Amino acid sequence: MAEHETAARVGIVCGSRSDFPVMEKAVELLGRLEVPCEMHAISAHRAPDLLFRFVGGAEARGIRVFIAAAGGAAHLPGVVAAKTILPVIGVPIPTQVAGGLDSLLSIVQMPKGIPVATVAVGGAENAALLAAEILALSDPALRGRLQAYRDAQTRSIEEDETNADLRRAP
Ligand code: RP5
């Protein structure tokens with residue numbers, strides 16, 4: 001495969017390795033959708049220069065969407081968004097404070113001018129799907145895979161045994 005076909009298109013950055021168990025679900029789903037991605041642990045407050053280097057070089061390496069995940073005073077997604085014009089999806093990581101409400105509010109309440117598209121607390125799968133949908137705007141094959149994923153999801157509910165009665169014609 002040529003290099004450009006395997007280069008990561010989604011850059012996932014977590015505030016800490018402790019966020020990986022949540023964000024591995026995004027890596028797995030992007031893999032199922034055949035979207036190359038890469039995941040890093042780079043804290044915005046502990047290693048800001050490294051974060052800026054990662055964000056600054058990402059687009060030239062093929063990244064088209066960022067997913068940024070953090071917990072607590074979760075400034076990472078906003079800082080990533082401040083340094084790029086690529087779309088940034090924020091994932092609030094669950095914490096001990098009201099189940100991650102601190103992370104959610106830190107990420108979702110971005111002041112105007114620098115947007116972060118925020119998913120639910122722990123919403124790694126939706127972040128992956130949203131990233132794939134953005135890429136699918138210019139990738140018909142990926143659009144097809146997303147539609148197939150959606151159809152399979154619907155079918156699995158229709159075929160659930162608790163819905164057997166509902167499947168019969170009226
Ligand atoms: C945030 O602080 C990280 O995103 C993580 O969710 C949280 C705790 O980090 P560690 O102390 O586990 O490294 O920056």
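1. Some remarks on the packing of aromatic side chains
Part 1 of the reasoning: Taken as a whole, this structure holds one aromatic pair when the rule is applied.
Part 2 of the reasoning: Relative to Phe66, the ring of Phe54 has its centre 5.8 Å away and its plane inclined at 75°; by these criteria the two rings are edge-to-face. Of this pair, Phe54 sits in helix H3 (residues 48-61) while Phe66 sits in strand E3 (residues 65-70), and the two are 12 residues apart along the sequence.
Part 3 of the reasoning: Phe66 sits in the buried class, given a relative accessible area of 0%.
Part 4 of the reasoning: A cation over an aromatic ring shows up here: Lys83 above the ring of Phe52, its NZ or CZ 4.4 Å from the ring centre.

2. What about the site of the ligand?
Part 1 of the reasoning: Surrounding the ligand, one finds Gly15, Ser16, Ser18, Asp19, His45, Arg46, Ala70 and Gly71.
Part 2 of the reasoning: Within the side chain of Asp19, a nitrogen or oxygen atom sits 2.6 Å from an oxygen atom of the ligand.
Part 3 of the reasoning: One nitrogen or oxygen atom from the side chain of Arg46 is found 2.9 Å from an oxygen atom belonging to the ligand.
Part 4 of the reasoning: Given that more than half its atoms are within 2 Å of the pocket grid, the ligand belongs to the largest pocket.
Part 5 of the reasoning: Among the residues forming the shell around the ligand, the class breakdown is one nonpolar, five polar and two charged.

Reading guide: rules and limits
Residues numbered from 1 in each chain as written. Predicted model: local features only at pLDDT ≥ 70, side-chain atom pairs only at ≥ 80, totals over all residues. Heavy atoms only, no water. Phe/Tyr/Trp six-rings, centres within 6.5 Å; stacked < 30°, edge-to-face > 60°. Helix = DSSP H or I, 4+ residues; strand = E, 2+ residues; numbered from the N terminus. Buried < 20%, exposed > 50% of the residue type's maximum accessible area, 1.4 Å probe, protein only. Lys NZ or Arg CZ within 6 Å of the ring centre and 35° of its normal. Near = heavy atom within 4 Å. Polar contact = N/O pair within 3.5 Å; in protein donor to acceptor, adjacent residues only side chain to side chain. 1 Å grid on protein atoms, 1.4 Å probe; cavity = no way out; pocket = protein on both sides within 12 Å on 5 of 7 lines; lining within 4 Å. Sits in = over half its atoms within 2 Å of the grid points. Nonpolar A, V, L, I, M, F, W, Y, C, P; charged D, E, K, R; others polar.

In short, geometric facts, not functional conclusions.
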